[in-house]
Amino acid sequence: MGLKENIKKVRAGIDAAARAAGRDPAGVTLLAATKTQSSDTIRAAIAAGVTVCGENRVQELMAHLEDNAYEGAQVHFIGHLQTNKVKYVVGRVELIHSVSSEKLLRAIAAQADRLGLVQDLLLEVNLAGEASKSGFAPTDVTDAARLAASLNGVRLRGLMCIPPAAQAPGENFPYFESLRRLAVDIRQKIVDNNIDIDLLSMGMSGDYFDAVAAGSTCVRVGSALFGPRAPMAFTHD
């Protein structure tokens, strides 16, 4: 199938999962993970109905912004972000999904404050404690949320996770449920801005159905839309 058909198929799967869970499908955003994709492919995805694109790498984000490839859609940053690259991202994306440490959180807040803006962000949670992945431990994320609430320049919108690669359908559902419970707990504890904490970024090409069933508000889908990724066009962030 082509890109347009793939988008329709994934959107239909999201809608079915939402309805099966008694949810409004309109409450789930399909984010097209555009890592390694060309500007022309991004434009084609937007023309076919994609409303949010997500970039993993700063260099690709910068190149596509210069190309005006995201016209007609929001752009989010969903990959690992180094503190020395914060200045290239803050204020240029609607949402940063992958805030994985206190140091990074403070750097984003400081840059946003310098620019006189408020950057929306999510805290990344390493639910399985995987050494190969970044993110706050579940026991530390409430303190991180309190810190975010105290900083000028940032607005905490919710949580994000990348669970272990699933070997079977349903395997990651407990992780998604755990992230949802963490978000509920944080909303109860962060009283001063809890109405802003309304986003759960979880679910990718292989497990978005389970993520939606567990309460995801944004699924990050790449290969199910674009097919297997091409070799990396950029070698450095």
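Residues numbered from 1 in each chain as written. Predicted model: local features only at pLDDT ≥ 70, side-chain atom pairs only at ≥ 80, totals over all residues. Heavy atoms only, no water.

(A) Expanded view of the nonpolar core. The biggest cluster of nonpolar side chains holds 65 residues, and the ones touching the most others in it are Leu81, Ile96, Ile108, Leu121, Leu123 and Leu159. With sequence-adjacent residues up to four places away left out, leucine 81 is seen in contact with Val58, Val86, Val89, Ile96, Leu104 and Ile108. Core analysis: the next-biggest nonpolar cluster, separate from the first, contains 5 residues, Leu31, Ala33, Val52 and Cys218 among them. (Core = buried A, V, L, I, M, F, W, Y, C linked by side-chain atoms within 4.5 Å. Buried < 20%, exposed > 50% of the residue type's maximum accessible area, 1.4 Å probe, protein only. Contact = heavy atoms within 4.5 Å.)

(B) Local environment of the pairing of strand E4 (residues 95–99). With 5 of 5 residues buried, E4 is to be regarded as a mostly interior element. Across 2 bridges, the pairing between strand E3 (residues 74–77) and E4 is parallel. Residue pairing in the sheet places histidine 76 in a bridge with leucine 95 of E4. Relative to strand E5 (residues 119–125), E4 runs parallel, the two being bridged by 3 bridges. Across the sheet, leucine 95 pairs through a bridge with aspartate 120, a residue of E5. (Helix = DSSP H or I, 4+ residues; strand = E, 2+ residues; numbered from the N terminus. Pairing = 2+ DSSP bridges.)

(C) Molecular detail of the packing of helix H5 (residues 141–150) against helix H6 (residues 173–189). The N-to-C vectors of H5 and H6 enclose an angle of 45°; their axes lie 10 Å apart at closest approach. The angle between H5 and H6 places the two elements in the oblique class. Handedness of the H5/H6 crossing: right-handed. Touching Val141, Thr142, Ala145 and Arg146 of H5 are Leu182, Asp185, Ile186 and Lys189, all from H6. Looking at the contact of H5 with H6, its residues break down into 4 nonpolar, 1 polar and 3 charged. (Axes fitted to C-alpha atoms, helices over the stretch in contact; angles between N-to-C directions. Parallel < 35°, antiparallel > 145°, perpendicular 65-115°, else oblique. Left-handed = near helix turned anticlockwise from the far one by under 90°. Nonpolar A, V, L, I, M, F, W, Y, C, P; charged D, E, K, R; others polar.)

(D) Inspection of the environment of lysine 4 at higher detail. Looking at the element boundaries, lysine 4 is found in helix H1 (residues 3–20). A residue is classified by how much of its surface remains accessible, and lysine 4, at 51% relative accessible area, is exposed.

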